[in-house]
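# Geometric and topological summary
For reference, the chains in residue letters:
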2 protein chains.
Amino acid sequence: MTVKSAHRPIGVFDSGIGGLTVVKALRKILPYEEIVYFGDTARVPYGSKSPETITQFALQDAKFLLNRNVKMVIVACHSASSVALDELKRHFNLPIIGVIEPGAKAAVKATRNKRIGVIGTQATILSGAYERAIRRLCQDVEVIAKPTPLFVALVEEGWYDNKIALEVAKLYLSPLIKEQIDTLLLGCTHYPLLKRAIQKVFPNKIRIVDAGLETAYEAKEQLENLGLKNRHRKRPAIRFYLSDLTPNFSEIGRRFLGTSLEDVMRASLPE
Amino acid sequence: MTVKSAHRPIGVFDSGIGGLTVVKALRKILPYEEIVYFGDTARVPYGSKSPETITQFALQDAKFLLNRNVKMVIVACHSASSVALDELKRHFNLPIIGVIEPGAKAAVKATRNKRIGVIGTQATILSGAYERAIRRLCQDVEVIAKPTPLFVALVEEGWYDNKIALEVAKLYLSPLIKEQIDTLLLGCTHYPLLKRAIQKVFPNKIRIVDAGLETAYEAKEQLENLGLKNRHRKRPAIRFYLSDLTPNFSEIGRRFLGTSLEDVMRASLPE
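A brief look at the structure comes next. (Residues numbered from 1 in each chain as written. Chains lettered and ligands numbered in written order. Predicted model: local features only at pLDDT ≥ 70, side-chain atom pairs only at ≥ 80, totals over all residues. Heavy atoms only, no water.)

With respect to the helices and strands, Thr-148 of chain A occurs in the loop between strand E6 (142–147) and helix H8 (150–157). Ignoring any residue separated from it by four or fewer positions in sequence, one finds Thr-148 of chain A in contact with Ile-119, Gly-120, Tyr-172 and Tyr-191 of chain A. (Helix = DSSP H or I, 4+ residues; strand = E, 2+ residues; numbered from the N terminus. Contact = heavy atoms within 4.5 Å.)

Scanning the model with the defined rule gives 14 aromatic pairs over all chains in all. Ring geometry for Tyr-46 of chain A versus Phe-57 of chain A: centroids 5.5 Å apart, planes at 45°, classification tilted. Within this pair, whereas Tyr-46 of chain A is found in the loop between strand E2 (35–39) and helix H3 (51–66), its partner Phe-57 of chain A is found in helix H3, the two being separated by 11 residues in sequence. In this structure, Tyr-46 of chain A and Phe-57 of chain A share a single accessibility class: buried. Joined through ring pairs, the aromatic side chains of Phe-151, Tyr-172 and Tyr-191 of chain A together with Trp-159 of chain B make up one cluster. The ring of Phe-64 of chain A carries Arg-68 of chain A above its face, with NZ or CZ at 3.9 Å from the centroid. (Phe/Tyr/Trp six-rings, centres within 6.5 Å; stacked < 30°, edge-to-face > 60°. Buried < 20%, exposed > 50% of the residue type's maximum accessible area, 1.4 Å probe, protein only. Lys NZ or Arg CZ within 6 Å of the ring centre and 35° of its normal.)

Turning our eyes to something else, we now look at the interface of chain A and chain B. Note: interface size is frequently given as the accessible area lost on complex formation between the parts. The interface of chain A with chain B comprises 35 residues on the first partner and 35 residues on the second. Across the chain A/chain B interface, buried area totals approximately 2,600 Å², and carbon plus sulfur atoms make up 60% of it. Three residues stand out in chain A for area buried against chain B, namely Leu-150, Ile-164 and Pro-247 of chain A, and they jointly supply 18% of the buried area on that side. Summed over the shared surface of chain A and chain B, the number is 2 salt bridges. Across the pair Glu-167 of chain A and Lys-163 of chain B runs a salt bridge, and its minimum N-O distance is 3.1 Å. (Buried area = accessible area lost by both parts, 1.4 Å probe. Salt bridge = Lys/Arg side-chain N within 4 Å of Asp/Glu carboxyl O.)

In this section: the environment of Ile-177 of chain A. Residues and elements named next belong to chain A. Mapped onto the fold, Ile-177 is located in helix H9 (residues 163–178). Looking at Ile-177, the relative accessible area reads 23%, which means it is partly exposed. Excluding residues that lie within four positions of it along the chain, Ile-177 makes contacts with Val-201, Phe-202 and Pro-203.

Attention now moves to the sheet that holds E2 of chain A. Residues and elements named next belong to chain A. Strands sit in the order E4-E3-E1-E2-E9-E10 across an open sheet of 6 strands; the sheet is parallel. The sheet is open, and its two borders are formed by strand E4 (96–98) and strand E10 (264–266), each paired with just one other strand. Averaged over all neighbouring strand pairs, the angle between strand axes comes to 20°, with direction disregarded. As defined by bridge partners, strand E1 (residues 10–14) adjoins E2 across 5 bridges and the pair is classed as parallel. In the strand pairing of E2, Val-12 is matched with Tyr-37. Where H3 meets the sheet, its contacts fall on E1, E2, strand E3 (72–75) and strand E9 (238–242), and the angle it forms with E1 comes to roughly 155°. (Pairing = 2+ DSSP bridges. Axes fitted to C-alpha atoms, helices over the stretch in contact; angles between N-to-C directions.)

Inspection of every chain in the model, using the stated rule, returns 35 salt bridges over all chains. With a shortest N-O distance of 3.3 Å, Lys-200 of chain B and Asp-161 of chain B are connected by a salt bridge. With Lys-200 of chain B in helix H10 (residues 195–201) and Asp-161 of chain B in the loop between helix H8 (150–157) and helix H9 (163–178), this pair connects stretches of sequence that are 39 residues apart. A salt bridge links Glu-251 of chain B to Arg-255 of chain B, with the shortest nitrogen-to-oxygen separation between them at 2.7 Å. Of this pair, Glu-251 of chain B and Arg-255 of chain B both sit in helix H12 (residues 249–257), 4 residues apart, which is roughly one turn of that helix. Overall, Arg-255 of chain B belongs to the partly exposed group, its relative accessible area being 25%. What you see here is one network of salt bridges that share partners, running through Asp-40, Arg-43 and Asp-61 of chain A.

The next thing to look at is the relation of the copies chain A and chain B. For the pair chain A and chain B, the superposition axis carries a translation of 0.0 Å, the fit reaches an RMSD of 0.0 Å, and the rotation angle comes to 180°. Seen this way, the second copy is the image of the first under a two-fold rotation axis. The C-alpha atom lying nearest the rotation axis in chain A is that of Arg-43 of chain A; the distance is 2.3 Å. The overlap is high: 100% of the interface residues of chain A also sit at the interface in chain B, so the same surface is used on both sides. (Least-squares fit on C-alpha atoms with pLDDT ≥ 70 in both.)

This part covers the nonpolar core. Of all hydrophobic cores here, the largest spans 150 residues; its most connected members are Phe-151, Leu-173 and Ile-198 of chain A together with Phe-151 and Ile-198 of chain B. Apart from residues lying up to four places away in sequence, Phe-151 of chain A is in contact with Ile-119, Val-168, Ala-169, Tyr-172, Leu-173, Tyr-191, Leu-194 and Ile-198 of chain A. (Core = buried A, V, L, I, M, F, W, Y, C linked by side-chain atoms within 4.5 Å.)

It is worth spelling out unusual backbone geometry at this point. The omega angle of the peptide bond from Val-44 of chain A to Pro-45 of chain A is -5°, so this bond is cis rather than trans. Mapped onto the elements of the fold, Pro-45 of chain A is located in the loop between E2 and H3.

Those residues of helix H7 (residues 129–137) of chain B lying buried are Ala-129, Tyr-130, Ala-133 and Ile-134 of chain B. For H7 of chain B, the buried positions fall inside an angular range of 125° around the axis, keeping them on one side. (Arc of directions from axis to C-beta.)

Residue and element names in this part refer to chain A. In contact at an axis separation of 8 Å, helix H5 (residues 100–110) and helix H11 (residues 211–225) are set at 110° when each is read in the N-to-C sense. Between H5 and H11, the angle falls in the class roughly perpendicular. In this structure, H5 contributes Pro-102, Gly-103, Lys-105 and Ala-106 to the contact, and H11 contributes Ala-211, Glu-214, Thr-215 and Glu-218. When its residues are assigned to classes, the contact of H5 with H11 shows 3 nonpolar, 2 polar and 3 charged. (Parallel < 35°, antiparallel > 145°, perpendicular 65-115°, else oblique. Nonpolar A, V, L, I, M, F, W, Y, C, P; charged D, E, K, R; others polar.)

Spelled out as C-alpha cells, the structure:
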C-alpha cells in the first residue's frame, strides 16, 4: 500500500442517519481520518425489508462510496451488515467492515453467565447473523434474539425515557429478563439512545453492548495492519451525503452525532 | 370515451400496503372494477421524507400504473396526495384522485362546532394540504393539525388497543382534546386501525373521518361522469404489485384488506 492510499477517506454507509453513532466513535478512535458518510434517507428504513432488497440497496450505497475513492467501507447499518456483508465483499475489492463481528466479540467478552440477549430490526434478527457470529467465537453461549422494531420509531420521536419508552421496553424485554441474560447486544444504530430505559426495566444491572465503538476499534486495527492509517495530524472534515434531505435529518442527526452536521449534501444514488 | 376504455382497470398506488384500505372500499363501492395496486414497499414510508423525494417516487409509481393501461389513478397515500397531486396531474393525462379532497369534504360535512382536528405523517401535516382543502370548502372552520408519526409503527406492530397504544394516543391527542374538536380526520392510511384507541382518549364521542371510503365514492362519481364505469357484471380479480416482498407484507396486508392478498407480484420500478 502506498502513502497516497493512506490519505484516502474511510467510507461509512447506513440506511439513514443512525450510522452517525459509528462516525462519532470513529472521530474518537481515529481522529485524523477523513470520513465520507452516505445515509440512504430516501429509502430508510432497511430493517423491515427483504434480504434481497437490502442487499441491492447496500451494493448501491457501497458503490457510491467507492466512487469517492475511499480506502475502506464500514457498514454502520446492522440490517445491511446482517444480510449483505458477504455479497459486498464478493463485489468490491477493498476492506469492508460490518458491525456484527465487532459487536459479537464484545458481547462474548462481556458475558459472565454465558446468556446473551440480542435485539434489533426484523431483518437483523431473522438473519441469525449475530447468533452465528457469537457461536463462531464461543460454542457454549446461549443467545436469545428478539426483534424490537418500535424502538426505532421511539428514538426518531425523541421519546427516550418517558412513560411510553419504559412501557415499550418492558413489553419487548420481559422475555429476555426471564431468560436471565446478563449481557444485551444492541443490534441497531438507534438503540443506544434508549440505553437508560432499557437498563431500567431489568431488575439487575446488565452489560449493554453497543457495536459502534467496537467497530471503530476494529477499523483502527485493520488500518494499522494494512499500513493504511493516515499519518497526517490535522483533524479533517467529514463529508455527509444523504439521498434525501428529510425534514428531520438535522435534528435527529445531532442526537446521534453529538454535534451538528456540517457540510451535508444531497446525493442521488447511482443506478 | 369508448367502451373499450371503460374495461380498463383502476390503478391505485401507495407508499406501502396501507393503501389496501382504499382497495377494500373500492371493492365495496365499485365491485365490478378491475384494480391494479402498486405498493412501494421497498421505499416505504413516504411520510418522513421531503416533498421533492415523495414527488419523485409518486411520479414513478403512477408511471408504473400507466404502463398497465389504467383508466384512472387513485393516490391512496396521504403523504403523496398532500405534496405530489398537482405535479401528477401536470404529468399525466388521465383522471387522478387523491385522498385529501374527499377526506376534507367528509370532515366539513361531519363537524357541528366547526373545529376539525387533522392527524397524519410529518409530510402530510407540514404540507398544509388538508387545511387548504377544508378552507376551500368552508371559510369559518378551525383546523388543528398535528403530526402523529408513531401511530404507523404501532399499527405495523399490531398494537391497536393495548396500554401502549392508549398512552401514545393520549400523549399525541391531548392538545386536540383541549381544542374541543368534534371531528377528527385520520390523515394516514394506517390510522383507521387505531380508531378504537383514539376514540377512547376523547372524553366525548367525536366523529372520526376515514378518507378511504370517501375516496372510493369520489372515484365512482368521476367514472360515472366520464362514462368510464365498467359495465361487465363479473367480479374481477385484483393484481397486487409490490416493489419489495417484505417479511411482513402478507400479514399486515390482511389487516388492511380484510382478506388475504392473492396474486401478489414483485415489481421493480421503472427508472
